[in-house]
Amino acid sequence: MTVGIELLTVPQVMERLQLGRTAVYDLLRTRQLASITLGRARRIPTHALTDFIHTRLDQEAA
């Protein structure tokens, strides 16, 4: 059985992180948050968002 990867739009990530558009695009530009481009659309895999949050939590705990 193959499990699909859920892809999020930038507005969905903005809502989940409670950040503005510029802040999310800064995270994408600096590669702190992984994404793929499909045509002109930018998509963020849910696992990339989870990895980003875990990394930030680990940094805060250190």
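The structure reproduced in this document is the subject of the present report.

Reading guide: rules and limits
- Residues numbered from 1 in each chain as written.
- Predicted model: local features only at pLDDT ≥ 70, side-chain atom pairs only at ≥ 80, totals over all residues.
- Heavy atoms only, no water.
- Helix = DSSP H or I, 4+ residues; strand = E, 2+ residues; numbered from the N terminus.
- Areas by Shrake-Rupley, 256 points an atom, 1.4 Å probe, with all protein chains shown as cover.
- Lys, Arg positive; Asp, Glu negative; His and termini not counted.
- Charge placed at Lys NZ, Arg CZ, Asp CG, Glu CD.
- Axes fitted to C-alpha atoms, helices over the stretch in contact; angles between N-to-C directions.
- Parallel < 35°, antiparallel > 145°, perpendicular 65-115°, else oblique.
- Contact = heavy atoms within 4.5 Å.
- Nonpolar A, V, L, I, M, F, W, Y, C, P; charged D, E, K, R; others polar.
- Buried < 20%, exposed > 50% of the residue type's maximum accessible area, 1.4 Å probe, protein only.
- Arc of directions from axis to C-beta.

All right, on to the overall build of the chain then. Looking only at helices and strands, the chain has 3 helices and 3 strands in total. Projected onto its principal axes, the C-alpha positions of the chain cover 35 × 35 × 20 Å. Summed over all atoms, the accessible surface of the chain reaches about 4800 Å², with 52% contributed by carbon and sulfur. Computed over 8 positive and 6 negative side-chain charges, the separation of the two mean positions in the chain equals 12 Å.

As a further point, take the packing of helix α1 (residues 10–17) against helix α2 (residues 21–29). α2 packs onto α1 with a crossing angle of 105° between their chain directions and a minimal axis gap of 9 Å. In terms of orientation, α1 lies roughly perpendicular with respect to α2. Contacts from V10, V13, M14 and L17 in α1 reach R21, V24, Y25, L27 and L28 in α2. Here the contact of α1 with α2 is composed, by residue class, of 8 nonpolar, no polar and 1 charged.

Right, let's talk about α2 for a bit. Taken together, the buried positions of α2 are occupied by V24, L27 and L28. Buried residues in α2, looked at end-on, bunch into an arc of 100°, giving them a common side. In α2, the exposed positions that point more than 90 degrees away from the buried face belong to T22 and R29. Residue R31 follows α2 closely and has a positive phi angle near 60°.

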